[in-house]
Amino acid sequence: AELPASANRVAAENARAAAKRDDAAGAEQMLATSTRAQPNTSWWHFEMAQKLIQLAYDVPREGRSQIIPEIVSRSLYHLTTAESLTSDPRQRASIKAFAGRIQERYLGDHAAAIASFRAAAALSPDHPQAMASAERLQRTADAMAAIARK
């Protein structure tokens, strides 16, 4: 059943308040109250990963950034769990592509991001942006390596 927008908003506000107290577990629990998917399914874990990354995006704008690594780690945990609970190649590709975006943006781990984007493209060759993202990051890595050699 779809939750009212106000319930989602309250859950997000409560999660931000918990994050401000450096309580990542509490923030995660608040976000779990607003999920649409059946708990402990692949879709639920994917939704939790998305909600946590939205929180990681919102929190620094409020002056708190030290909790971001823990929030990102929790998001990646949910993605790993989501992937283990599905055999659907399209869903697995979406999970891998999302992990690639997190690895690139929040961890700065371009090698892991490239691997995730390539895995997404292999699982679903028509996945939007998966291979393009892998190629973009590979070009950047190659250019940085060429500069380092000079």
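Calculation notes
Residues numbered from 1 in each chain as written. Predicted model: local features only at pLDDT ≥ 70, side-chain atom pairs only at ≥ 80, totals over all residues. Heavy atoms only, no water. Helix = DSSP H or I, 4+ residues; strand = E, 2+ residues; numbered from the N terminus. Expected span 1.5 Å × (residues − 1). Buried < 20%, exposed > 50% of the residue type's maximum accessible area, 1.4 Å probe, protein only. Arc of directions from axis to C-beta. 1 Å grid on protein atoms, 1.4 Å probe; cavity = no way out; pocket = protein on both sides within 12 Å on 5 of 7 lines; lining within 4 Å. Points joined across faces, edges and corners; volume = space filled by probe spheres on them.

Peer 1: Is there a simple way to think about helix H6 (residues 110-123) in this case?
Peer 2: Because an α-helix packs 3.6 residues into every turn, residues spaced three or four apart end up facing the same way. Between its first and last C-alpha, H6 extends 20 Å over 14 residues, near the 20 Å set by a 1.5 Å rise per residue. Within the span of H6, buried status applies to Ala113, Ile114, Ser116, Phe117, Ala120 and Ala121. Down the axis of H6, the buried side of the element spans an arc of 165°, and every buried residue falls inside it. Every exposed residue of H6 that faces more than 90 degrees away from the buried side is listed here: Ala111 and Ala122.

Peer 1: Got a minute to help me understand the layout of surface pockets in this structure?
Peer 2: One water molecule sets the probe size; rolling that probe over the atoms shows where empty space is left. There is about 160 Å³ of room inside the largest pocket. Lining the largest pocket, in full, are Asn8, Ala12, Ala15, Arg16, Leu31, Ser34, Gln50, Lys51, Gln54, Leu55 and Asp58. The set of elements that each furnish at least two residues to the lining of the largest pocket consists of helix H1 (5-20) and helix H3 (42-58). Take the lining of the largest pocket: its biggest share by element is five residues, from H3.

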